[in-house]
Amino acid sequence: MTESETILIVTGDDFGISPAVNAAIIRAHSEGILTSASLLVNGSAFHEAATLAKQHPRLGVGIHISLLRGKALLSPAELPPIVDRAGNFPEAPVSAGFKYFFDRRVRGPMEKEIEAQIRRFLDTGLTPTHIDGHLHIHVHPVILDILLKLAVKYSVPAFRLPRDSLGVNLKVDRRNLWLKSLYAIIYGALCTYASKRMQDKGILFPNRFFGLLASGHMKESYLLALIEGLEPGVTEIGMHPALSPPAEVKRWVPDYEFASELRALLSPKVKEKIRSRGIRLANYRTLAACSSKLDLR
């Protein structure tokens, strides 16, 4: 790999949240363009996902840190400032984000929960290729600092940096303009801070990312337009494929087009577009192995 090459990582998020997601990720990897997955260790189908990952060693698998809309691994007694009596994380991302930032009581328990999630991943025998977060919570400044310390401790080489391009997205799809603009501003600021902290710690990250501003709606036409305009360097596209809408998330994202995203990953037109443009499919494992030849910033 060289700096002039166009390299594409295609990641399926929420691996382990349900059998429908697990089956879609494996099919998209075996028959389509998906190269990477983010494993949700507190998902109800986590053990199945870990087994499937071992059966498909070319699939790069990272840790999908969860601190929102899910159940903690540790008991409620160990996480009283963070979870409810049933051990569930907050459901509202904005209010949770403010609490995680301003309430210093959460930091010690949060670090214990994050480390428990990393250790549960490692207990499978899999080697994590990267870290990212459920609802991109990993770029929250407080959580990022905890993750960077633990990434060094557990030798995780790379993170996702969800700095999606508003301009590129609006050329493809102008729907939800105000919401996309708001997300672009918020995550742009978070990613500017995160990129500097990652570089200081020697953590790798792709040059660009798509899948934040059009999350749940990355259909064939969208992928074709993105791929046509990809620039040299490393790009990650984050997807949410599923055979059917997983009950675990359907109430939070009722409009997500899970099956359409799977069809996009399997699309012969998308495969041909990648081939005709000379784009190299890779995963975070490849990224780490070739980092000395790439300009990652």
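Just above, that's the structure.
Rules used throughout
- Residues numbered from 1 in each chain as written.
- Predicted model: local features only at pLDDT ≥ 70, side-chain atom pairs only at ≥ 80, totals over all residues.
- Heavy atoms only, no water.
- Buried < 20%, exposed > 50% of the residue type's maximum accessible area, 1.4 Å probe, protein only.
- Helix = DSSP H or I, 4+ residues; strand = E, 2+ residues; numbered from the N terminus.
- Pairing = 2+ DSSP bridges.
- Right-handed = clockwise from strand over helix to strand, strands pointing away.
- Polar contact = N/O pair within 3.5 Å; in protein donor to acceptor, adjacent residues only side chain to side chain.
- Contact = heavy atoms within 4.5 Å.
- Core = buried A, V, L, I, M, F, W, Y, C linked by side-chain atoms within 4.5 Å.

Draft legend 1. Spotlight on the pairing of strand 6 (residues 233–239). Along strand 6, seven of the seven residues are buried, which leaves the element largely enclosed by surrounding structure. Of the two faces of strand 6, the one holding Gly 233, Thr 235, Ile 237 and Met 239 and the one holding Val 234, Glu 236 and Gly 238 are both buried throughout. The pairing of strand 5 (residues 208–210) with strand 6 spans three bridges and is parallel. Residue pairing across strands places Phe 210 opposite Ile 237, the latter belonging to strand 6. The handedness of the strand 5 to strand 6 crossover, carried by helix 8 (residues 220–228), is right-handed.

Draft legend 2. Expanded view of the side chain of Asn 22. Residue position: Asn 22 is located in helix 1 (residues 19–31). Among the polar contacts listed, one links the side chain of Asn 22 to the side chain of Glu 48, at a separation of 2.6 Å. Those residues in contact with Asn 22 that lie beyond four places of it in its chain are Phe 15, Gly 16, Ile 17, Ala 45, Glu 48, Ala 49 and Leu 52.

Draft legend 3. Region of interest: the nonpolar core. Phe 15, Leu 67, Tyr 100, Met 110, Ile 114, Phe 159 and Met 198 are the most contacted members of the largest nonpolar core, which has 89 residues in total. Considering every element that reaches this core, the biggest residue donor is helix 5 (residues 141–154), with nine residues. Discounting chain neighbours no more than four positions away, the residues touching Phe 159 are Ile 131, Leu 144, Leu 147, Leu 148, Ala 151, Met 198, Ile 203, Leu 204, Phe 205, Pro 206 and Tyr 284. The next biggest cluster of nonpolar side chains, apart from the first, holds eight residues, and it includes Ile 7, Leu 204, Ala 282 and Tyr 284.

These figures come from the coordinates and say nothing about function on their own.
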